[in-house]
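Architecture at a glance
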Amino acid sequence: SAEGRRGGQMLTERTWGATIGAMYKGGQWRKAAELVGEMRRDGLAPNLACYTPALAACADAAEWRPALELWESLLRDGITPDALAAGAALDACLAGRVPQSGLAVVEQLEQVRTRRPPRRLFTRAE
């Protein structure tokens with residue numbers, strides 16, 4: 001398992017994911033998104049379990065721009081998004097009333113050839 005160093009302590013991807021998840025549950029979208037970047041600066045590549053709660057936190061707060069930045073970062077990292085990550089990205093687009101961005105997320109899903117998200121993801125963007 002990969003580890004990063006913070007304050008003299010070794011933090012694993014699992015620890016980072018749990019921390020980001022706690023920020024999501026606490027409604028702290030900005031901190032959740034920032035932690036993904038901090039993780040990278042500490043020498044760890046964020047994984048899907050880190051990106052998904054950060055995306056969901058942004059979506060819940062209707063912060064579509066940071067959500068799309070996270071989405072693009074996830075794709076640049078070569079991570080194959082699952083239905084939860086894609087759903088959060090789409091929810092953020094819907095909350096932000098940016099349907100064209102939501103359609104771009106769907107197109108990107110097709111390009112990375114993930115398993116097809118549930119039908120509701122497509123009908124919600126209509």
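Just so we're clear, the structure is a prediction, and the values are computed from it rather than from any experiment.

Turning next to the nonpolar core. Buried together is how nonpolar side chains tend to be arranged in soluble globular proteins. Counting 37 residues, the largest nonpolar core has Trp16, Ile20, Leu55, Leu70, Trp71, Leu74 and Val105 as the members making the most contacts within it. When contributions to this core are tallied by element, the ones reaching two or more residues are helix 1 (13–25), helix 2 (29–41), helix 3 (48–60), helix 4 (64–76), helix 5 (83–95) and helix 6 (99–112). Top element by residues in this core is helix 3. It accounts for eight residues. Once you skip the residues sitting within four places of it in the chain, Leu55 turns out to touch Ala67, Leu70, Trp71, Leu74, Ala85 and Ala88.

Below, the discussion takes up unusual backbone geometry. A negative phi angle characterises most non-glycine residues, just as the trans form characterises most peptide bonds. In this structure, Ala62 takes a positive phi of about 60° despite not being glycine. Here Ala62 shows up in the loop between helix 3 and helix 4. What makes Ala62 partly exposed here is its relative accessible area of 34%. Positive phi values are uncommon outside glycine, yet Arg97 reaches one of about 55°.

A few words on the confidence of the model for the chain. Taken residue by residue, the chain gives an average pLDDT of 86. The fraction at 70 or more is 81%. No element of the chain has a lower mean pLDDT than helix 7 (residues 119–124), which averages 48, and none a higher one than helix 3, which averages 97. In this model, residues 121–126 is a region of pLDDT below 50 whose contacts with residues beyond four sequence positions or in other chains number nine contacts.

Counted under the stated rule, the structure contains two salt bridges. A salt bridge links Lys31 to Glu38, with the nearest nitrogen and oxygen atoms 3.3 Å apart. Lys31 sits in the partly exposed class, given a relative accessible area of 32%. Judged by relative accessible area, which is 15%, Glu38 ranks as buried. As a salt-bridge pair, Arg40 and Asp77 come within 2.7 Å of each other at their nearest N and O atoms. Separated by 37 residues along the polypeptide, Arg40 in helix 2 and Asp77 in the loop between helix 4 and helix 5 bring together distant segments of the chain.

What counts and how
Residues numbered from 1 in each chain as written. Predicted model: local features only at pLDDT ≥ 70, side-chain atom pairs only at ≥ 80, totals over all residues. Heavy atoms only, no water. Core = buried A, V, L, I, M, F, W, Y, C linked by side-chain atoms within 4.5 Å. Buried < 20%, exposed > 50% of the residue type's maximum accessible area, 1.4 Å probe, protein only. Helix = DSSP H or I, 4+ residues; strand = E, 2+ residues; numbered from the N terminus. Contact = heavy atoms within 4.5 Å. pLDDT = per-residue confidence, 0-100. Salt bridge = Lys/Arg side-chain N within 4 Å of Asp/Glu carboxyl O.

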